[in-house]
Amino acid sequence: MSLAFPVNIVTIGRVVGLRDHRIKTGTIWKTGNLLFRAQQSGANSLSGLEQWAKANSTEGREFIVWEDNSRLVIQPANSRYCYDLLSMLEP
């Protein structure tokens, strides 16, 4: 089975209060499965989040990382689609 969406490699650039201590500035992550469609874009959802991180893909896209029911979610800043933050890659 192939994925119907792109897998992104992202680097964490800024972290604000996330409890998951694996999320650190400079760590590199791979995105995973599509989880759900949020009510608003990632950039617009920042105003309602107290714990979040910003990340950039190797293609220059900006993403927002946040927690939803104890799982890490990554959302493009300009999209409502939310993905699983799958795994941290070795530097």
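Let us look at the structure shown here. Here the structure is a predicted model, which is why all the values come from computation and not from measurement.

So, about the pairing of strand S5 (residues 71-76). Working note: regular strand, side chains alternate between the two faces of the sheet. Counting buried positions over the six residues of S5 gives five, a clear majority of the element. Looking at chain direction, strand S4 (residues 62-68) and S5 are connected through six bridges and run antiparallel. Across the sheet, the residue bridging to Val 65 is Ile 74, located in S5. In this structure, S5 lies alongside strand S6 (residues 81-89), joined through two bridges in antiparallel fashion.

Within the structure shown, the criterion is met by one aromatic pair. On the numbers, 6.1 Å between centres and 70° between planes, the contact of Phe 36 with Trp 66 is edge-to-face. A residue pair is termed long-range when its members are at least 10 positions apart, and Phe 36 in strand S2 (residues 28-37) and Trp 66 in strand S4 qualify at 30 residues. Overall, the relative accessible area of 25% leaves Phe 36 in the partly exposed class. On the basis of relative accessibility, which here comes to 11%, the residue Trp 66 falls in the buried class. Directly above the aromatic system of Tyr 81 lies the positively charged group of Arg 37, at a separation of 5.7 Å from the ring centroid.

This part covers the pattern of salt bridges. Across all of its chains, the model carries four salt bridges by this definition. Between Arg 19 and Glu 67 there is a salt bridge; the shortest N-O distance is 3.3 Å. In this pair, Arg 19 sits in the loop between strand S1 (9-16) and S2 while Glu 67 sits in strand S4, placing the two residues 48 residues apart along the sequence. In this structure, Arg 71 engages Asp 68 in a salt bridge whose closest nitrogen and oxygen atoms are separated by 3.2 Å. A relative accessible area of 34% means that Arg 71 is categorised as partly exposed.

Further remarks concern the side chain of Gln 75. Here Gln 75 shows up in strand S5. Polar side-chain contacts of Gln 75 include one of 3.3 Å to the side chain of Trp 66.

Cut-offs and rules
Residues numbered from 1 in each chain as written. Predicted model: local features only at pLDDT ≥ 70, side-chain atom pairs only at ≥ 80, totals over all residues. Heavy atoms only, no water. Buried < 20%, exposed > 50% of the residue type's maximum accessible area, 1.4 Å probe, protein only. Helix = DSSP H or I, 4+ residues; strand = E, 2+ residues; numbered from the N terminus. Pairing = 2+ DSSP bridges. Phe/Tyr/Trp six-rings, centres within 6.5 Å; stacked < 30°, edge-to-face > 60°. Lys NZ or Arg CZ within 6 Å of the ring centre and 35° of its normal. Salt bridge = Lys/Arg side-chain N within 4 Å of Asp/Glu carboxyl O. Polar contact = N/O pair within 3.5 Å; in protein donor to acceptor, adjacent residues only side chain to side chain.

Interpretation note: all reported values are geometric properties and have no functional meaning in isolation.
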